[in-house]
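Results of the structural survey
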Amino acid sequence: MKELVISKIRDGTVIDHINAGKAILVLKILGIDENTKETVSMVLNVPSKKMGKKDIVKVEGLFISEEKLNKIALIAPNATINLIREYEIKKKFKVKPPEIVKGILKCPNRLCISNAKEPVETIFYISVKNGQVVAKCHYCGRNISDLTKFIV
Ligand code: CTP
């Protein structure tokens, strides 16, 4: 593939091998929105040998915590993280789904207490079954598998 769709960064976090089309949700999970002060670049649907197509997000000047980055595994389980300092990759790791997630996901069960008028923070227990990430609601026990649909 002819490099580079986005240029290399000096310092910051690169999230690579994001499932095609999911970069926008990745930004949401990281809490990066129109109010961000960082330089953020994103490409969607670039060709990838391993994945066919993939997305990439680069956040300059910010070293995002591993805990926060691992939440990306909910929707992009193949994502790799590269922490860059002075243009060099200082750390590279694959995201790992957290065991428990608070907030971020919404329970699809209308009768679940987490959807009652009084706001309750959602809690989900995460597991991987047949390579698929699934989440079980702490309050009503509902299992959800296509997590992309339930990100808030
Ligand atoms: N990258 C960057 N700025 C740097 C160094 C790397 O933005 N100073 C980005 C690259 O553009 C790439 C990712 O970080 O998107 C990983 O870089 P590298 O390990 O060099 O690429 P690959 O070998 O293709 O990665 P992998 O082994 O994870 O497939």
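Refer to the structure above for everything that follows.
Residues numbered from 1 in each chain as written. Predicted model: local features only at pLDDT ≥ 70, side-chain atom pairs only at ≥ 80, totals over all residues. Heavy atoms only, no water.

**Comments concerning the overall build of the protein**
A tally of regular secondary structure across the protein gives two helices and nine strands. Its helices and strands in sequence order give the protein the pattern β-α-β-β-α-β-β-β-β-β-β, from N to C terminus. Scaling as 2.2 N^0.38, a compact globule of 152 residues should have a C-alpha radius of gyration of about 15 Å, and the protein matches this with 16 Å. Over its C-alpha atoms, taken along the principal directions, the protein stretches across nearly 50 × 35 × 25 Å. Out of the 152 residues in the protein, the part that is buried amounts to 41%. At a minimum sequence separation of 6, the contacts of the protein that also span at least 24 residues come to 60%. Counting every atom, the protein has about 9200 Å² of accessible surface; 50% of that belongs to carbon and sulfur. (Helix = DSSP H or I, 4+ residues; strand = E, 2+ residues; numbered from the N terminus. Rg over C-alpha atoms; globule rule 2.2 N^0.38 Å. Buried < 20%, exposed > 50% of the residue type's maximum accessible area, 1.4 Å probe, protein only. Contact = heavy atoms within 4.5 Å. Areas by Shrake-Rupley, 256 points an atom, 1.4 Å probe, with all protein chains shown as cover.)

**Some details on the pairing of strand β7 (residues 123-129)**
Bridging between strand β6 (residues 100-102) and β7 involves three bridges; their strand directions are antiparallel. Looking at the pairing, lysine 102 lines up with isoleucine 123 of β7. Looking at chain direction, β7 and strand β8 (residues 132-137) are connected through six bridges and run antiparallel. Among the inter-strand pairings, valine 128 is bridged to a residue of β8, identified as valine 133. Here β7 hands over to β8 after two residues, with asparagine 130 in that stretch at a positive phi of 50°. (Pairing = 2+ DSSP bridges.)

**As for the environment of lysine 90**
Take lysine 90: it is sitting in strand β5 (residues 88-94). Each C-alpha atom of the pair lysine 90 and serine 114 lies 40 Å from the other, and the pair is 24 residues apart in sequence. Here lysine 90 is in contact with Leu83 and Arg85, once residues within four sequence places are set aside.

**Considering the sheet that holds strand β4 (residues 80-85)**
Taken in spatial order, the five strands of this open sheet run β2-β3-β1-β4-β5, and their pairing is antiparallel. Each having just a single partner strand, β2 (40-48) and β5 make up the two edges of the open sheet. Taking the axes of each pair of neighbouring strands and ignoring which way they run, one obtains an average angle of 20° across the sheet. Of the strand pairs in this sheet, strand β1 (residues 12-19) and β4 are connected by five bridges, and their pairing is antiparallel. Opposite threonine 13, over in β4, you have leucine 83 as the bridge partner. The strands that helix α1 (residues 23-30) touches are β1, β2 and β3 (52-60); relative to β2, the one it contacts most, it runs at about 145°. (Axes fitted to C-alpha atoms, helices over the stretch in contact; angles between N-to-C directions.)

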